[in-house]
Amino acid sequence: MGVSDNSRGLILAVVSSLFVGMSFILKKKGLRRAAAAGTRAGGGGYTYLLEPLWWAGMITMIVGEVANFVAYIYAPAVLVTPLGALSIIVSAVLAHFILKERLRQMGILGCVSCIVGSVVIVLHAPEEHTPSSVQEVWKLATEPAFLIYVAATLSITLVLILHFEPLYGQTNILVYLGICSLMGALTVVSIKAIGIAIKLTLEGINQFKYAKTWYFISVALIFVIMQLNYLNKALDTFNTAIVSPIYYVMFTTLTIMASAIMFKDWSGQDASSIASEICGFITVLTGTIILHMTREEEQPNATGAVTWFDGDRSKAGREEPHFITLDNSDYFD
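Computed from a predicted structure; not experimentally measured.

## Things to note about the side chain of Thr187
Move 1: Positionally, Thr187 belongs in helix α8 (residues 173-202).
Move 2: Note on Thr187: relative accessible area 6%, which makes it buried.
Move 3: At a separation of 2.9 Å, a polar atom in the side chain of Thr187 contacts the side chain of Gln227.
Move 4: If near-sequence neighbours (up to four positions away) are discounted, Thr187 is found in contact with Ala220, Phe223, Val224 and Gln227.

## Quick word on the nonpolar core
Move 1: Judged by nonpolar contacts, the single largest core of 52 residues is most densely connected at Phe146, Leu177, Leu231, Val243 and Met262.
Move 2: Here this core gets 15 residues from one element, more than from any other, and that element is α8.
Move 3: Aside from chain neighbours lying at most four places away, what touches Phe146 is Leu140, Ala141, Leu186, Val189, Ala258, Ile261 and Met262.
Move 4: Core analysis: the second largest hydrophobic core is formed by eleven residues, Ile88, Cys114, Val122 and Val249 among them.

## Some thoughts on the pattern of salt bridges
Where charged atoms of side chains with opposite charge meet at close range, the side chains can pair.
Move 1: Evaluated as defined, the whole model comprises two salt bridges.
Move 2: A salt bridge links Glu51 to Arg33, with the shortest nitrogen-to-oxygen separation between them at 3.8 Å. Highlighted residues: Glu51 in the loop between α1 (5-37) and α2 (52-74) and Arg33 in helix α1, separated in sequence by 18 residues.
Move 3: You can call Glu51 buried: its relative accessible area is 12%.

## Observations regarding the packing of aromatic side chains
Move 1: Throughout the structure, instances matching the rule amount to nine aromatic pairs.
Move 2: Centre to centre, the rings of Phe146 and Tyr149 are 5.9 Å apart; their planes meet at 25 degrees, and the pair counts as stacked. With Phe146 and Tyr149 both in helix α7 (residues 144-168) and three residues apart, this pair spans about one turn of that helix. For the pair Phe146 and Tyr149, a shared accessibility class is recorded, and that class is buried.

## Examining empty space enclosed by the protein
Move 1: What the rule picks out here adds up to one cavity of 30 Å³ or more.
Move 2: As a volume, the largest cavity reaches approximately 30 Å³.
Move 3: Contributing to the lining of the largest cavity are Ala185, Val188, Val189, Lys192, Thr255, Ala258, Ser259 and Phe263.
Move 4: Every element with two or more residues in the lining of the largest cavity is listed here: α8 and α10 (240-263).
Move 5: Of the residues in the lining of the largest cavity, the class split is five nonpolar, two polar and one charged.

## With respect to the UniProt feature "transmembrane region" (unreviewed entry) in the chain
Move 1: Mapped onto this numbering, the UniProt entry annotates "transmembrane region" (unreviewed entry) at residues 6-26, 80-99, 106-125, 145-162, 174-198, 213-231, 238-262 and 274-291.
Move 2: End C-alpha atoms of residues 80-99 are separated by 29 Å, and the span's content is 80% helix alongside 0% strand.
Move 3: The annotated region residues 145-162 carries 100% helix and 0% strand content, and the separation between its end C-alpha atoms amounts to 26 Å.

## Regarding the packing of α7 against helix α9 (residues 211-237)
Move 1: Where α7 contacts α9, the two axes come as close as 14 Å, and the packing angle between them is 35 degrees. Taken as a pair, α7 and α9 cross one another with a handedness that is left-handed. Here Leu154, Ile161 and Glu165 of α7 come into contact with α9, specifically with Phe223, Met226, Tyr230 and Lys233.

## Considerations on the packing of α8 against α9
Move 1: Look at α8 against α9: their axes get within 8 Å of each other, and the N-to-C directions meet at 150 degrees. For the element pair α8 / α9, the angle class is roughly antiparallel. Judged by the twist between their axes, the crossing of α8 over α9 is left-handed.
Move 2: Along the lines of polarity and charge, the residues of the contact of α8 with α9 split into 20 nonpolar, six polar and one charged.

Cut-offs and rules
- Residues numbered from 1 in each chain as written.
- Predicted model: local features only at pLDDT ≥ 70, side-chain atom pairs only at ≥ 80, totals over all residues.
- Heavy atoms only, no water.
- Helix = DSSP H or I, 4+ residues; strand = E, 2+ residues; numbered from the N terminus.
- Buried < 20%, exposed > 50% of the residue type's maximum accessible area, 1.4 Å probe, protein only.
- Polar contact = N/O pair within 3.5 Å; in protein donor to acceptor, adjacent residues only side chain to side chain.
- Contact = heavy atoms within 4.5 Å.
- Core = buried A, V, L, I, M, F, W, Y, C linked by side-chain atoms within 4.5 Å.
- Salt bridge = Lys/Arg side-chain N within 4 Å of Asp/Glu carboxyl O.
- Phe/Tyr/Trp six-rings, centres within 6.5 Å; stacked < 30°, edge-to-face > 60°.
- 1 Å grid on protein atoms, 1.4 Å probe; cavity = no way out; pocket = protein on both sides within 12 Å on 5 of 7 lines; lining within 4 Å.
- Points joined across faces, edges and corners; volume = space filled by probe spheres on them.
- Nonpolar A, V, L, I, M, F, W, Y, C, P; charged D, E, K, R; others polar.
- UniProt positions renumbered as here; feature names shortened; annotations may be inferred.
- Axes fitted to C-alpha atoms, helices over the stretch in contact; angles between N-to-C directions.
- Left-handed = near helix turned anticlockwise from the far one by under 90°.
- Parallel < 35°, antiparallel > 145°, perpendicular 65-115°, else oblique.

Next comes the structure, spelled out in structure tokens:
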């Protein structure tokens, strides 16, 4: 008896979550080593590109994303997407033992709320229609409603990059992750088109002869590179156990919105499903607020450490001033 398509998708989604969860830890270790030898990624440095551990994390993430991409070919999004929450659990557990990062009890409650809320949203999200060609995807992507969504997304992203990042990027986690998630939602649309093109091409209907296919590939590559850049900054600046769940929540929510607008999945929804989705959004919002409050209690400065002067000015002529520096990990139980 052969393995069903849903089973293949389930296995691939679980494997994807394991690899993605591990990639956060490997990349964070690489970023820490690179920061000790040069400028931090959060400060605009790129020395992490010379760090083998960062590349190990990068390769691990790529393997996980490829597995996730293939999972969507075999199983519906309603089965695959919620399993992305497993990567949060994996990264949190590994961060506890490897990075010595610990969450307070309220932080754990926030993680649970984010996961539960996201799962509720995805489970009750309407099933989307799968286009049968790249031309059909292009037609959907150029309809007025989705073009307005794309324009709004790109505008918000530019405002975050040009205005909010220089002012609040080092102190507010939502800036970096907002940029990643907004671009991520558009990346998923492009990746879906690429997946359809590959699947149809393997079935004998060549989709790579169309310029639209290469357009989707170009958009996906550009957005993926930008996402990785800002995800590196978020990982280098904030606690891994905080980055993972908030990124998951924002990315999942925006992806569902983009998919609903483009593929018109919301039509035909009953009141029960809509009510469940609203409850899921409220749960996610609550969890995100709890996580953000936990982060604020750590009181980090712009460089992720707290430094203050410990000395009397009258001692200036007798001894050197004494400074105390605490790393972010000193604020976790």
